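Structure at a glance
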Amino acid sequence: MRPIVIVPACTRDFGEHPYHAAQHKYVDAIVLGADCAPMILPSLGKDLDLETMLQLCDGIMLTGSASNVHPSYYSEEVLDPSLPQDPARDETTLPLIRAAVGRGIPIIAICRGFQEMNVALGGSLHQAVQMVEGKFDHRENPELGMDEQYGDAHKIMLTPGGMLHGIVGANEIPVNSLHGQGVNEMAPGLVVEAVAEDGLVEAFSVGAAPGFTLAVQWHPEWRITHNPYSMKMFGAFGQACRDYRAKKQGRS
């Protein structure tokens, strides 16, 4: 059996009905990149049976989203009320992250998920990176087509000897950029794995975590099979999930 990777859903309204939803590209990345079995997890917040989910899964993928982590979790007010929020997802993912890191469950986190991990572990965010002195505007141009929005936007420099450096085997790589928020203060214990040319943190791991943790600000899931760096990242995550499953079942 393939390892099970849970993918916490966003909550969205389609028509007059609310849905738990996850984009195809994230699910595809689990299947094609990690060779694992994805399972979409409803964002039930306080009603989530966290213990059951933690016992069931062999890994967690935190996806990107149009919504932002509510700034009250890092003691700030909302800067731009027009931007979407998803309180049910916040109430689901933040405790899930803390519990999973402590247990050594492998985690890969993308964009909003990257920001969620920093906040869940005690960090804070820039709510508008483009307004921070010395930082680039990392947002996509919504007037462009999807291929252009998800095309290479800038390069990142990988920490020499770091985990991500070891996985991709390169000192710098090109990445896309589709985010308005980013890391301000890093949570205690996080290790910088890559930065953008303006110094913004683009990837980190959890230094003392007993399991695989990798959080990235860009979108490696986009057309994953066409990007060798993305395939290496998800391949490493998938292997960590297989190792965790084997250990959980007493085979190692």
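Each value, and the rule that gives it
Residues numbered from 1 in each chain as written. Predicted model: local features only at pLDDT ≥ 70, side-chain atom pairs only at ≥ 80, totals over all residues. Heavy atoms only, no water. Phe/Tyr/Trp six-rings, centres within 6.5 Å; stacked < 30°, edge-to-face > 60°. Helix = DSSP H or I, 4+ residues; strand = E, 2+ residues; numbered from the N terminus. Axes fitted to C-alpha atoms, helices over the stretch in contact; angles between N-to-C directions. Parallel < 35°, antiparallel > 145°, perpendicular 65-115°, else oblique. Contact = heavy atoms within 4.5 Å. Nonpolar A, V, L, I, M, F, W, Y, C, P; charged D, E, K, R; others polar. Buried < 20%, exposed > 50% of the residue type's maximum accessible area, 1.4 Å probe, protein only. Polar contact = N/O pair within 3.5 Å; in protein donor to acceptor, adjacent residues only side chain to side chain. Disulfide = S-S within 2.5 Å.

The subject of this paragraph is the packing of aromatic side chains. A complete count under the given rule lists four aromatic pairs for this structure. When the centroid spacing of 5.1 Å and the interplanar angle of 80° are considered together, the rings of F14 and Y19 count as edge-to-face. Consider the rings of F212 and F237, whose centres lie 6.0 Å apart with planes at 50°: the pair is tilted. With F212 in the loop between β12 (201-206) and β13 (213-216) and F237 in helix α7 (residues 228-248), this pair connects stretches of sequence that are 25 residues apart.

Turning our attention to the packing of helix α1 (residues 24-33) against α7. As a packed pair, α1 and α7 sit with axes 9 Å apart at the nearest point and diverge in direction by 75°. As far as their axial angle goes, α7 and α1 are roughly perpendicular. Along the contact surface, α1 presents A29, I30, L32 and G33, while α7 presents M231, F234, G235 and F237. Residues that form the contact of α1 with α7 fall into these classes: six nonpolar, two polar and no charged.

Summarising burial for helix α4 (residues 112-120): nine of the nine residues are buried, a large majority. Buried within α4 we find R112, G113, F114, Q115, E116, M117, N118, V119 and A120. G122 lies just past α4 and shows a positive phi near 110°.

The next thing to look at is the environment of D80. Tracing the backbone through its elements, the reader meets D80 in the loop between β5 (59-62) and α3 (87-103). In this structure D80 comes out as partly exposed when scored by relative accessible area, which is 31%. For the pair formed by D80 and Q127, sequence separation is 47 residues and the distance between their alpha carbons is 8.3 Å. A distance of 2.6 Å separates polar atoms of two side chains, one belonging to D80 and the other to S82.

Moving on: the state of the cysteines. The final tally for this structure, using the stated rule, is zero disulfides. You can see C10 has no disulfide; the closest cysteine sulfur is in C111, sitting 11 Å from it. Residue classification places C10 among the buried residues on the basis of a relative accessible area of 9%.

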